[in-house]
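Residue-level structure breakdown
If you want the building blocks of each chain, they are given just below.
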Amino acid sequence: MLSPFRAFLSFLAGEAELHELKKLDSRASGNDETNESNETNGMNGRTRQNTNYLAFDIGAESGRAFLGNIKKDRLTIKETCRFSNGMIIRNGHLHWDILSLYEEIKKGIIKSSIKCGSRIESIGIDTWGVDFGLLDRKGYLISPPFAYRDKRNELAMKKFLKKMPEKQVYQLTGIQFMQFNSIFQLYAIKTQNPELLEQTQKLLFMPDLFNYFLTGHTKTEFTIATTSQLYDPVKQDWADDIFIHLGVPKSIMQDVVPPGTKLGKVKKSIQKETGISEMPVIAVATHDTGAAVAAVPGIGEDWAFISSGTWSILGTESKVPIITEQAYKKNFTNEGGINNTFRLSKNIMGLWLMQKCRKAWWKEKKYKYEDLVHLAGQAKPFRYFIDPDWSPFLNPPDMPEAVKQFCRITGQPVPETHAEITRCIFEGLALKYRYVLDELKTVYQGPIRKIHIIGGGAKNHILCRFTANATGLPVFAGPYEATVIGNIMVQALGRGTIRSTGEMREIISRSVEIKEYFPNDKEMWDKAYNRFCQIAMRLNNRQNMPNQEN
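Residues numbered from 1 in each chain as written. Predicted model: local features only at pLDDT ≥ 70, side-chain atom pairs only at ≥ 80, totals over all residues. Heavy atoms only, no water.

Points about the overall build of the protein chain
- The helix and strand tally for the protein chain stands at 21 helices and 21 strands.
- Put simply, the protein chain has 550 residues, and 59% of those count as buried.
- Counting only contacts in the protein chain whose residues sit at least 6 apart along the sequence, the fraction spanning at least 24 positions is 72%.
- For the protein chain, the exposed surface amounts to about 22,600 Å²; the carbon and sulfur share of it is 49%. (Helix = DSSP H or I, 4+ residues; strand = E, 2+ residues; numbered from the N terminus. Buried < 20%, exposed > 50% of the residue type's maximum accessible area, 1.4 Å probe, protein only. Contact = heavy atoms within 4.5 Å. Areas by Shrake-Rupley, 256 points an atom, 1.4 Å probe, with all protein chains shown as cover.)

Laid out in structure tokens, this is it:
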């Protein structure tokens, strides 16, 4: 007998879902009609067959829900819904509409439950880093979280680093200096909106907030904690001296838990609202880059990764944080990973430039991203050079014009067509990857013989080819949905379905398509790289570039 609530969901979803809903209800009542056999993996009797996990991956542009199924040592994933996200303006500042996103998560739970056809083992949520919300003493959100691209952060960074020496901050945290890091956002609130902190009982980062809304538990997961530049990875605790200099009580921070921790079960009120049964919420690698790197199908320890999306993050895995003079000078970050590892890496502006160009061109031409890849192949190579990390690229009103302006002030020809601008961006990214990779080799003493590109940029065959050519290293592209896969697999690790990160990566390598790109045209790309470095140095001398050599 189909429950009244699920009958209503069936009406919303369409008659095609009715059979799946009946299967769900029969399993919930203990009358599973499918009579499927199970294969145990020897871990507390947990099964690999029809073990479903629900992953939410929420980015700056959109959020998605995926179901992951591990069966016979292979992973399959299926997207169940997608929803938009974007910054909203309140009182002249950029914020996130977090309550709207929370409503989308609940809708995603309903849709995924309908489409699943069997029990969901757990749920995990990952988001971007650094941004946070503040709760009052009653547990209510005080205001919408500020967005990291808000203009107040740059001034806050400059002011705070006059209070506390930059080098001291780095020695405590090992984190790359970027104007939107949580440390500077928190100082902006302290100096510009002190009334918010007067009401604050708890600070929760974006995925922590969603987990709190679902379970009522307030914890901070390790990978998201390390993005903040408030966490001491050596002491494995929040950095006391930083909070003293901020003038903010450390007591607002939460206990830090490792990826794979079971936080609690979905609250009964949400079970009733969504029609699901009890479901544990797992603190996965809740920083999206942490989740993506967890999905790298890397064998051995001689690889670097590029997580390619709105941002590009280039780095490698390290068993310990590398907080050295050289790492400080090169502004490398030590963010947390799975299994007590650290991601020694650096942020690069990434496909944000292309996203903003696409938006600017939308009224003129509604490009799909694959159209832009094709377009880049039509333009002549190495006519225009940009450094993607030029600070005006952070959030310009007109990105194509910002690209042209970069070329004007560096004395170059100016790209005019969409094809020229697009190729200029892709070449600039590939050349910046080589620049940062060369820096990484001076900080990290281990060998780097190959690059894994993961995330949406792995689909971009021209960017992958340019990266292999620019760096002189073979590139292995995939998985495309690395963040989702990492989210799901850390859930499986936390639930005991998978025993180790090695086993996890073996399953991933068997389950996804990996494309290989090998370097070509070395002499031509070496000349282009020398030209790129000259232009970057010219801007550094004009003090228009972000600080690369602190």
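So that's the structure; there's more coming.
Details of the sheet that holds strand 15 (residues 303–308)
- If you trace the 7 strands from one edge of the open sheet to the other, you get 17-18-16-15-19-20-21, paired in mixed fashion. The sheet terminates laterally at strand 17 (333–336) and strand 21 (515–517), the two strands that pair on one side only. Averaged over all pairs of adjacent strands, the angle between their axes in this sheet comes to 30°, without regard to strand direction.
- When strand 19 (residues 450–454) meets strand 20 (residues 475–477), the two strands line up parallel, connected through 3 bridges. The residue of strand 20 that forms the bridge with histidine 452 is phenylalanine 476. (Pairing = 2+ DSSP bridges. Axes fitted to C-alpha atoms, helices over the stretch in contact; angles between N-to-C directions.)

Notes on unusual backbone geometry
- Here glycine 478 and proline 479 are connected by a cis peptide whose omega angle stands at 5°.
- If you trace the backbone, proline 479 turns up in the loop between strand 20 and helix 19 (482–495).
- Its identity is not glycine, yet asparagine 339 carries a phi of approximately 55°, on the positive side.
- The residue asparagine 339 is located in the loop between strand 17 and strand 18 (342–348) in this model.
- Take asparagine 339: its relative accessible area is 54%, and that puts it in the exposed class.

Things to note about the side chain of glutamine 176
- By the secondary structure assignment, glutamine 176 is in the loop between helix 5 (166–173) and helix 6 (182–192).
- Looking at glutamine 176, the relative accessible area reads 6%, which means it is buried.
- Among residues more than four places away in sequence, those in contact with glutamine 176 are Tyr170, Asn181, Gln229, Asn331, Phe332, Thr333, Ser345, Lys346 and Asn347.

Focus on the packing of aromatic side chains
- The final tally for this structure, using the stated rule, is 23 aromatic pairs.
- Aromatic pair tryptophan 96 and tyrosine 148: ring centres 6.4 Å apart, planes at 40°, arrangement tilted. Of this pair, tryptophan 96 sits in strand 5 (residues 93–96) while tyrosine 148 is found in the loop between strand 7 (132–135) and helix 4 (152–163), placing the two residues 52 residues apart along the sequence.
- One aromatic cluster is present, built from ring pairs that chain together Phe132, Phe205, Phe222, Tyr231, Trp238 and Phe342.
- Above the plane of the ring of tryptophan 352 lies arginine 149, whose end atom (NZ or CZ) is 3.6 Å from the centre.
- Positioned above the aromatic ring of phenylalanine 146 is the side chain of arginine 152, whose terminal nitrogen or guanidinium carbon lies 3.6 Å from the ring centre. (Phe/Tyr/Trp six-rings, centres within 6.5 Å; stacked < 30°, edge-to-face > 60°. Lys NZ or Arg CZ within 6 Å of the ring centre and 35° of its normal.)

Focus on the environment of histidine 452
- With respect to the element layout, histidine 452 can be found in strand 19.
- For histidine 452, a relative accessible area of 5% puts it in the buried group.
- Spatially, the C-alpha atom of histidine 452 lies 8.3 Å from that of serine 307, the residues being 145 residues apart in sequence.
- Excluding residues within four positions of it along the chain, histidine 452 makes contact with Val296, Pro297, Gly298, Trp303, Ala304, Phe305, Ile306 and Phe476.

Shape is all these values report; function is a separate question.
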